[in-house]
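As a plain string of letters, each chain reads:
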Amino acid sequence: MQKIPVNLAKPGMKLAKPVANDRGIVLCGTGAELTEEMITRLSDMGVKRITVEGHPVDTGDPEKTLSQQIRELDARFKKVEGDPLMGRIKDIFLERLKERAKEA
Amino acid sequence: MTLDQENIRKRVEAMKGVPTLPGIFEKITRLIDSSETAAADIANIISSDQALSAKVLRLVNSAFYGFPGRISNVTHALIILGFDVVKGIVLSTSVFDVMLAEGLFGLWEHSLGCAVTAGVIARKIEHPDPEEVSVAGLLHDLGKVIIKIELPDESSRIEETVEKKQISIYEAEGDILGFSHATVGEWLSKKWNLPHTLSDPIAYHHTPGRARLAPKQTAVVHLANVLIRARGFGVGGDNLVPQIDPKAWETLHISNALLEEIINEMDDKLEDAEDLLCDNGMGNGIKV
């Protein structure tokens, strides 16, 4: 799934997460297929970003590579190396990074 | 070399709170302290400031509190969350305004992330008041904002020291000032009469063993601060994950499996929280 600005939404995209307004009231449920009319309405209601299925929009934001992210993780943990609890925490975050990379 | 701590303390206490701290905060504090106050009285005051009530509702309905869509007015927020939480949220909105005005986006993200994480931990360990713990997470680095504003020269030296010596901002503050943002936060929480459930985590999130009145909340915020830094979300002033205090860790009784659940859930929630960051952090302001 990908979070995109509403102005880049296109008819036919499917919501991967419900859309709620400022006050948290759900306007559109997961799985709803967007139409031109819905996109206009969401935008009129002040919704800025929505989460859609797949990865339909190239945001031009170069994502960090997995190895870059792992290097940064290592750097953050450099002062607590060798501590078993901190090592466990680092491993869990490392797993998350790897899973994310697989999903993308 | 350290500064005259007493002198600085006086300077900080003489500030009218955070520079843009609204008079509303003092009114609310007075009302909360009076035993005859009803939720509607406080709600009236908050509601009289449209921008503030919009911010409060936006925050309580965001991913942080876990019940989106349920709170549509300030009275409802007060009843569900309790006076102290709403007071903390009002204070947070002011602190955040200052952070954004000062260009401290990274610290703002760090604070929001810490709030999300503290809320997740509190729920997982079945703490009775996760919303309040979350507000403690929002406010835990309050002192950093004050140091940045009140002591701009020292603040630059602290940043240089972090960079040069590769130490934490907490250590660098000790080197340059002789005290830390946690201490400054403590002064302010006292001055503002924050409940100890907020003031202890603010004062002791780096030294949780010293929390006497709210050790559990403090341990949660301490852990949340470690995890949010481990995640690399926002900027806490340095790029280093601090060591978890073993005693604080023990008091939380978190198994390996639960730790993994906590991290997975915080990671998912942070994605939702990015909505709030996106809307506010890009300089669009908060829509009323």
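By convention here, each chain's residues receive numbers from 1 onward along its written sequence. Each chain is given a letter, starting from A, and each ligand a number, starting from 1, according to the order in which they appear as written. Residues qualify for local features only when their pLDDT is at least 70, as the model is predicted, and side-chain atom pairs are given and counted only at 80 or more; totals for whole chains, interfaces and linings, by contrast, use all residues. For side-chain calculations, the full set of non-hydrogen atoms in the structure is used, while hydrogens and water are omitted.

Trainee: I'd love a proper account of the overall build of chain B, names of residues and values included.
Mentor: Only DSSP runs of H or I covering at least 4 residues are called helices, and only runs of E covering at least 2 are called strands; the numbering of each starts at the N terminus. The helix and strand inventory of chain B stands at 16 helices and zero strands. A simple rule labels every residue: compare its accessible area, found with a 1.4 Å probe on the protein chains alone, to the largest value its type can have, and call it buried under 20%, exposed over 50%, or partly exposed in between. A buried classification covers 57% of the 288 residues belonging to chain B. Put simply, 67% of the contacts in chain B that link residues at least 6 apart link residues at least 24 apart. Calculation of accessible area relied on Shrake-Rupley with a 1.4 Å probe; when residues are assessed, cover is drawn exclusively from the protein chains displayed. Carbon and sulfur atoms make up 49% of the accessible area of chain B, which amounts to about 11,600 Å² in all. In what follows, residue pairs with any heavy atoms lying within 4.5 Å of each other are defined as contacts.

Trainee: Now, about the domain arrangement of chain A: what can you tell me, with residues and values included?
Mentor: Looking at chain A, the domain boundaries give domain 1 (2–52) and domain 2 (66–103). Segment limits for the domains were obtained from an automatic or database-derived domain assignment. Using C-alpha coordinates to define each centre, domain 1 of chain A is positioned 34 Å away from domain 2 of chain A.

Trainee: So what's going on with the pattern of salt bridges? Residues and values would help.
Mentor: All names here are of chain B. What counts as a salt bridge is simple: a side-chain nitrogen of Lys or Arg found within 4 Å of a carboxyl oxygen of Asp or Glu. As enumerated under the stated definition, the model contains 13 salt bridges over all chains in all. Of the charged contacts in the structure, one is a salt bridge between K124 and E265, with a shortest N-O distance of 2.9 Å. In this pair, K124 is assigned in helix α7 (residues 105–124) and E265 in helix α16 (residues 256–281), connecting sequence segments 141 residues apart. Using a relative accessible area of 28% as the deciding quantity, one classes E265 as partly exposed.

Trainee: Describe helix α14 (residues 215–231) of chain B, listing the residues and the values that go with them.
Mentor: Residues and elements named next belong to chain B. The terminal C-alpha atoms of α14, which comprises 17 residues, lie 24 Å apart, in line with the 24 Å expected from a rise of 1.5 Å per residue. Of all the 17 residues making up α14, 15 are buried; the element is thus mostly covered by neighbouring parts of the structure. Immediately beyond the C-terminal end of α14, within one or two residues, lies G232, with a positive phi of roughly 75 degrees. To estimate how far a helix should extend, the number of its residues minus one is multiplied by 1.5 Å.

Trainee: I'd like to hear about a negative patch on the surface, residue by residue, with values.
Mentor: Where like charges cluster on the molecular surface, the negative patch consists of D91, E95, E99 and E103 of chain A together with E260 of chain B. Per-element tally for the negative patch: the top contributor is helix α3 (residues 84–103) of chain A, with four residues. Within the fold, E95 of chain A resides in helix α3. The patches reported here contain residues having more than 30% relative accessible area and no salt bridge. Joining distances are 9 Å for like charges and 5 Å for nonpolar side chains (Val, Leu, Ile, Met, Phe, Trp, Tyr). Counted as positive: Lys and Arg. Counted as negative: Asp and Glu. His and the chain ends are not counted at all. For this purpose, a charge sits on NZ of Lys, CZ of Arg, CG of Asp or CD of Glu.

Trainee: Can you break down unusual backbone geometry residue by residue, with the values?
Mentor: All names here are of chain B. One non-glycine residue, E126, lies in positive phi territory at about 55 degrees. Here E126 shows up in the loop between α7 and α8 (130–139). Given a relative accessible area of 70%, E126 falls into the exposed group. Unlike most non-glycine residues, H253 shows phi in positive territory, near 50 degrees. The topology assignment puts H253 in the loop between α15 (246–252) and α16. Judged by its relative accessible area of 65%, H253 falls in the exposed class.

Trainee: Give me the nonpolar core: which residues, what numbers.
Mentor: Throughout, nonpolar core names a set of buried Ala, Val, Leu, Ile, Met, Phe, Trp, Tyr and Cys residues whose side chains join them through atoms within 4.5 Å. Among the nonpolar cores identified, the biggest contains 99 residues, and I89 of chain A together with I46, V90, I121, L227 and I254 of chain B are the most heavily contacted of them. Here this core gets 10 residues from one element, more than from any other, and that element is α7 of chain B. Counting 14 residues, the second-largest nonpolar core is a separate cluster that includes L34, I39, V47 and V57 of chain A.

Trainee: An account of helix α12 (residues 181–191) of chain B is needed here, citing residue identities and associated values.
Mentor: Residues and elements named next belong to chain B. By the criterion of burial, α12 is predominantly enclosed, with eight of the 11 residues buried. Taken residue by residue, α12 has H181, A182, V184, G185, E186, W187, L188 and S189 as its buried positions. One side-chain oxygen at the N-terminal end of α12 lies 3.1 Å from the backbone nitrogen of A182; it belongs to S180. In the stretch just after α12, N193 is the one whose phi turns positive, near 55 degrees. Here a polar contact is recorded for every N or O atom pair within 3.5 Å, except that within protein the pair must consist of a potential hydrogen donor and a potential acceptor, and residues adjacent in sequence are included only if both atoms are side-chain atoms.

Trainee: A description of the interface of chain B and chain A should follow, citing residues and the corresponding values.
Mentor: Accessible area lost upon the coming together of the parts serves often as the stated size of an interface. Listed per partner, the contact involves 37 residues of chain B and 24 residues of chain A. Buried area: the accessible area, evaluated with a 1.4 Å probe, that two parts lose upon being put together, summed over both parts. Carbon and sulfur atoms make up 53% of the area that chain B and chain A hide from each other, which totals about 2,900 Å². The interface formed by chain B and chain A contains three salt bridges. Salt-bridge contacts for D268 of chain B lead to R96 of chain A; the nearest nitrogen and oxygen are separated by 2.9 Å. Counting every contact that joins chain B to chain A gives 12 residue pairs in polar contact (both at pLDDT 80 or more). Going through the elements one at a time, α4 (50–60), α14 and α16 of chain B are the ones with two or more residues in the side of chain B that touches chain A. When residues of the side of chain B that touches chain A are assigned to their parent elements, the largest contribution, 13 residues, is made by α16 of chain B. Its residues placed into classes, the side of chain B that touches chain A shows 16 nonpolar, 10 polar and 11 charged. Each residue gets one of three labels, nonpolar for Ala, Val, Leu, Ile, Met, Phe, Trp, Tyr, Cys and Pro, charged for Asp, Glu, Lys and Arg, and polar for the others, Gly among them.

Trainee: Tell me about the confidence of the model for chain A, residues and numbers included.
Mentor: If pLDDT is low for a region, its predicted coordinates should not be looked at in detail. Scored from 0 to 100, pLDDT records how confident the predictor is in each individual residue. Scored by pLDDT, chain A comes out at a mean of 85, with 90% of its residues at no less than 70. Across chain A, helix α2 (residues 66–76) of chain A holds the top mean pLDDT of 95, while strand β1 (residues 2–5) of chain A sits lowest at 79.

Trainee: Let's hear about the side chain of T93 of chain B: which residues, and what values?
Mentor: All names here are of chain B. Along the chain, the position of T93 falls in helix α6 (residues 83–101). For T93, the side chain forms a polar contact with the main-chain oxygen of V90, separated by 2.7 Å. Setting aside residues no more than four positions away along its own chain, T93 makes contact with L52, K55 and L59.

Trainee: Give a description of the packing of helix α9 (residues 142–150) of chain B against helix α10 (residues 152–165) of chain B that names residues and reports values.
Mentor: All names here are of chain B. Geometry is summarised by axes, namely lines fitted to C-alpha atoms with helices restricted to the contacting stretch, and by angles between N-to-C directions that run from 0 to 180 degrees. Two elements in contact, α9 and α10, have axes whose closest approach is 5 Å; the angle formed by their N-to-C orientations is 115 degrees. Side by side, α9 and α10 meet where I147, K148, I149 and E150 of the first sit next to P152, S155, I158 and E159 of the second. For the contact of α9 with α10, the residue count by class is four nonpolar, one polar and three charged.

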